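Commentary on secondary and tertiary structure
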Amino acid sequence: MKSSGQPTINDVARIAGVSKKTVSRVINRSPLLNQATREKVEAVIAELAYVPNPQARALALRRNFLLGLIHDNPNAQMVLNFQEGVLDAIQGTEFALVVRPVDRHSPSLFDDIRQFIEQQRLYGVMILPPLSENDALAALFRELGCNYVRMGSAPLDDAAHLVQSNDRQAVRDAVAYLVTQGHTRIGLVQGPDGFRSAAERELGWHDAMEAAGLPHGPDLMARGNYTFETGRDAGGKLIDAAQPPSAIFASNDVMAAGVLHAARGRGLDVPQDLSIVGFDDTAIATAIWPPLTTVRWPIRTMARSAALKLIDPEAASGEQSLFPTDFIARASVAPRQV
């Protein structure tokens, strides 16, 4: 069955009765192929002793088998979880991940990103919020011919270039749960200015409070920056108010841990004196005591999908773009004490 000379990808495709693209998907171990096709192509590859040349393929494509992750996000755990999801997707393939933190306030931001993409000859790029919310960046990727996927808390792009969560609805449901527990003054630790996720989560809090006919003015709000320290300070501000809340929703788990620290420092019992809810369901949610009631944000699943959309856009066309969250009830919430 072997052809004369060094076998090529064309030989594999012809003998297996598939397209070159399908052979490429098998070589790259795309999880989007059916098993029968994979086994048929792998059998031909073994029979021909075909060895793909990644350097030659990269040269022909004029790009490397590198996926870029660009972020300016203070939530280190969120970035780590996203990286793990990408690594899930590229495990066993020729692809590798390159992470590039940037400063979104830098006047050279666009030049820096352009240089990064051109120097690395990226196969595709993933962008985390709040950078992902910048439409001009998406235009830059299109100009450079670099495929991209944006992560967001609201619709930012078409399905091929987006992985999105439903933050507003998720927070609305989480705060509504606090209302069912008898809480009528529910504080909000906001996320940072300029983050769509922070805005969506704040809107969810407003929605739930308004639907319940409860107060939701600025005296029940304090700004954080998705960090432990800002969560602690914002939580302390709410707790020390003339009319403190009996429950606080913090816009991420790290800030919720800071709220817990502030409460404990003031001699309060959680959840008997103060109920706390977070957002993300990262590792810290179960590392603190009491374990944190939170909204599970499927970051790792979203990241895996984002990487698959870059590796093989055609095969990944059926990949979802909206990833619903789950409410996780734990011990940091109790009925309001009267």
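The preceding data block contains the structure.
In this report, we go over the structure that sits alongside the text. (Residues numbered from 1 in each chain as written. Predicted model: local features only at pLDDT ≥ 70, side-chain atom pairs only at ≥ 80, totals over all residues. Heavy atoms only, no water.)

**Comments concerning the packing of helix H5 (residues 76–90) against helix H13 (residues 299–311)**
For the record, the criterion: Helix axes use the C-alpha atoms of the stretch in contact, all axes being lines fitted to C-alpha atoms, and the angles between their N-to-C directions lie in the range 0 to 180 degrees. The numbering of helices and of strands both runs from the N terminus, where a helix is a DSSP run of H or I of at least 4 residues and a strand a run of E of at least 2. Oblique is the label for every angle not falling under 35 degrees (roughly parallel), over 145 degrees (roughly antiparallel), or within 65 to 115 degrees (roughly perpendicular). For any pair of crossing helices, the crossing counts as left-handed if the nearer helix is rotated counterclockwise from the farther one by less than a right angle, and right-handed if it is rotated clockwise. Contacts are assigned to residue pairs with any non-hydrogen atoms lying within 4.5 Å of each other. Gly counts as polar in this scheme, as do all residues outside two lists: the nonpolar Ala, Val, Leu, Ile, Met, Phe, Trp, Tyr, Cys and Pro, and the charged Asp, Glu, Lys and Arg.
With their axes 7 Å apart at the nearest point, H5 and H13 run at an angle of 45° to one another. By the angle between their axes, H5 is oblique relative to H13. Between H5 and H13 the crossing geometry is right-handed. Of the residues in H13, those in contact with Met78, Asn81, Phe82, Glu84, Gly85, Val86, Asp88, Ala89 and Ile90 of H5 are Ile299, Arg300, Ala303, Arg304, Ala306, Ala307, Leu308 and Ile311. Residue composition of the contact of H5 with H13, grouped by class: 11 nonpolar, two polar and four charged.

**Remarks on the side chain of Asp253**
We apply this condition: Throughout this description, buried means an accessible area under 20% of the type-specific maximum (1.4 Å probe, protein chains only), exposed means over 50%, and partly exposed covers the range between. In this tally, Asp and Glu contribute negative charge and Lys and Arg positive charge; neither His nor the terminal groups of the chain are included. A pairing counts as a salt bridge when a side-chain nitrogen of Lys or Arg comes within 4 Å of a carboxyl oxygen of Asp or Glu. Two N or O atoms count as a polar contact when they lie within 3.5 Å, although within protein this holds only if one can serve as hydrogen donor and the other as acceptor, and sequence-adjacent residues are included solely when both atoms are side-chain atoms.
Relative to the assigned elements, Asp253 resides in helix H11 (residues 253–265). Of the buried charged residues, Asp253 lacks a salt bridge, with Arg330 as the closest side chain of opposite charge at 6.4 Å. Separated by 2.6 Å, the side chain of Asp253 and the backbone nitrogen of Asp281 make a polar contact. Polar side-chain contacts of Asp253 include one of 2.8 Å to the backbone nitrogen of Thr282. Setting aside residues up to four positions removed in sequence, Asp253 forms contacts with Gly278, Phe279, Asp280, Asp281, Thr282, Ile284, Ala285, Leu292 and Thr294.

**Comments concerning the pairing of strand E9 (residues 275–280)**
Note the threshold: Strands are treated as partners if at least two bridges between them are detected by DSSP. Assignment of crossover handedness uses the view with strands pointing away from the viewer, where a clockwise path from the first strand over the helix to the second indicates a right-handed crossover.
For E9, the buried fraction is high: six of the six residues fall into the buried class. Here E9 shows a buried face lined by Ser275, Val277 and Phe279 and a second buried face lined by Ile276, Gly278 and Asp280. When strand E8 (residues 247–250) meets E9, the two strands line up parallel, connected through three bridges. Across the sheet, Ala247 pairs through a bridge with Ser275, a residue of E9. Once you follow E8 into H11 and on to E9, the crossover reads as right-handed. Pairing of E9 with strand E10 (residues 293–296) involves four bridges; the strand directions are parallel. Pairing of Gly278 across the sheet is with Thr294, part of E10.

Shape descriptors only; they carry no functional weight alone.
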